[in-house]
Amino acid sequence: MEWQEKRQLVKVSHLYYKDGQTQAEIANKLGVSRPVISKLLQKAKDEGIVNIYIKDETVRTVELEQQLEKCFNLKDAIVLPNDGLSSERDKRAVGLAGANYLSQNAKGVKSIGISWGTTLAYLVQEYPYERHEDVQIVPLEGGMGVKEVEIHANQLANELAKKMNGTCTYLYAPAIVETKELKERLMELQDIETVLESSRQVDIAVISIGNPFQQSTLMRLGYLTEQDLSELEEMGAVGDIGYRFFDAKGNQISDSSSQKIIGITLDELKQIKNVVAVVEGEHKAESVLGALKGQFIDVLIVDEKLASAILKLTQ
């Protein structure tokens, strides 16, 4: 049995047997019919997961999921067991969970926005080949230059469109330009404004979250300097989404780069009806917590250590 199927069986069992919810309540929560819940409960018994008590180590991650959903009013939370995996294998596992979630929720979706980063690159790699000819994939921000182009939003949009047999648009502009004036001139170009307007209107946005001070991809690629870090630290930054930095309360930071970014703003991201954050790494706990407090996230997909660290910060 695949992990994703086992997770669903354990989650439904936990809601029914431990939380005491009715099958109708669970069906409403998960967006399925009551007979589907009944069949899942029966299968959980048949597979030996339920035998008077919930019998599977996955229960600990399901409990973390429920705590995250309740604490932050999330539509859904998915927590992956770490099981002693390396960081790269954790990222791949979290990326696979993100791919599964997106695949299962792509029906009827006309547009998907995607940000950048290594975890999202794993999501795209793990996404199955499907046929969604009507879907359009849109980058949420510009490119970053010539380094590691395989994790740029444009590249990920292109690769995901191939996997879904859909179409994609490209944002032919850097994510961060040299001056505010150059940004304003570029924003006057019709092609750029059209793509940005499309990104504001997507049905689902898939993002990740960065920590500028620990294991920062922006720092590793040379897009952040020590001076930038000092400025961000003084301003109380804890994380970024698509190069937009925010503080512990989820307020956007007006640092020196904020007026030179070509991409959607955090306020615009908040208006998208389903924002899926796919994040790996315990060192990002404060960053994800800030994003949750800023109410930028509807669905959170993380590893177990990160989930535990986030909840510990709320105590």
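Structure first, text after, so check above.
A brief report on the enclosed structure follows.

The rules behind each value
- For every chain, the first residue of the written sequence is number 1, and numbering continues from 1 onward in sequence order.
- Whole-chain, interface and lining totals are the exception, using all residues; otherwise, since this is a predicted model, local features are given only for residues with pLDDT of at least 70 and side-chain atom pairs are given and counted only at 80 or more.
- Remark: hydrogens and water are excluded; side-chain values derive from all non-hydrogen atoms of the structure.
- Each cavity reported here is a set of points on a 1 Å grid over the protein atoms alone in which a 1.4 Å probe fits but cannot get out, each pocket an open set with protein on both sides within 12 Å along at least five of seven lines, and each lining residue one with an atom within 4 Å of a point.
- Grid points are joined across faces, edges and corners, and a volume is the space filled by probe spheres set on the points.
- Helix and strand definitions here come from DSSP, where helices need a minimum of 4 consecutive H or I residues and strands a minimum of 2 consecutive E residues; each element is numbered from the N-terminal end.
- Three categories are distinguished: nonpolar for Ala, Val, Leu, Ile, Met, Phe, Trp, Tyr, Cys and Pro, charged for Asp, Glu, Lys and Arg, and polar for the others, with Gly belonging to the last.
- Throughout, exposure labels follow a simple rule: accessible area from a 1.4 Å probe, protein chains only, divided by the maximum for the residue type, with under 20% read as buried, over 50% as exposed, and the rest as partly exposed.
- Picture the helix axis, draw a direction to every C-beta atom, and the arc is the one those directions span.
- In what follows, residue pairs with any heavy atoms lying within 4.5 Å of each other are defined as contacts.
- In this description, strands pair whenever DSSP reports at least two bridges between them.

Our focus in this paragraph is the layout of surface pockets. If a probe the size of a water molecule is rolled over the atoms, the empty space left behind becomes visible. Taken as a whole, the largest pocket encloses approximately 560 Å³ of empty space. In terms of lining residues, the largest pocket is bounded by 20 residues, among which Arg7, Gln8, Leu30, Asp76 and Gln104 are the most central. Considering each element in turn, the lining of the largest pocket owes the most residues, five residues, to helix H1 (residues 3-18). When the residues that make up the lining of the largest pocket are grouped by side-chain class, the tally is seven nonpolar, five polar and eight charged. In this structure, the second largest pocket occupies an estimated 370 Å³ of space. Taken together, 24 residues form the lining of the second largest pocket, with Ile209, Gly210, Gln215, Thr217 and Lys284 sitting closest to its centre. Elements that contribute at least two residues to the lining of the second largest pocket include exactly helix H5 (87-104), helix H6 (118-126), helix H10 (217-220) and strand S8 (237-241). A per-class count over the lining of the second largest pocket returns five nonpolar, 13 polar and six charged.

Turning our eyes to something else, we now look at empty space enclosed by the protein. The full count for this structure, using the stated rule, is one cavity of 30 Å³ or more. One number sums up the size of the largest cavity: a volume of about 70 Å³. The wall of the largest cavity is formed by Ser115, Leu140, Glu141, Ile207, Ile241, Gly242, Arg244, Ile264, Thr265, Leu266 and Leu269. Split by residue class, the lining of the largest cavity holds six nonpolar, three polar and two charged.

Attention now goes to helix H9 (residues 190-200). Residues of H9 that are buried: Ile192, Val195, Leu196 and Ser199. Considered in projection along H9, the buried side chains sweep an arc of 100 degrees and stay on one side of the axis. On its buried face, H9 is in contact with strand S5 (136-139) and helix H8 (180-187).

In space, the seven strands of this open sheet follow the order S3-S11-S10-S7-S4-S5-S6, with parallel pairing throughout. Of all the strands in the sheet, just strand S3 (76-80) and strand S6 (167-168) have a single pairing partner and so form its edges. Sheet analysis places strand S4 (residues 111-114) next to S5, joined by four bridges and oriented parallel. The residue bridging Gly113 from the neighbouring strand is Val138, located in S5.

Read these as layout, nothing more, since geometry by itself doesn't imply function.
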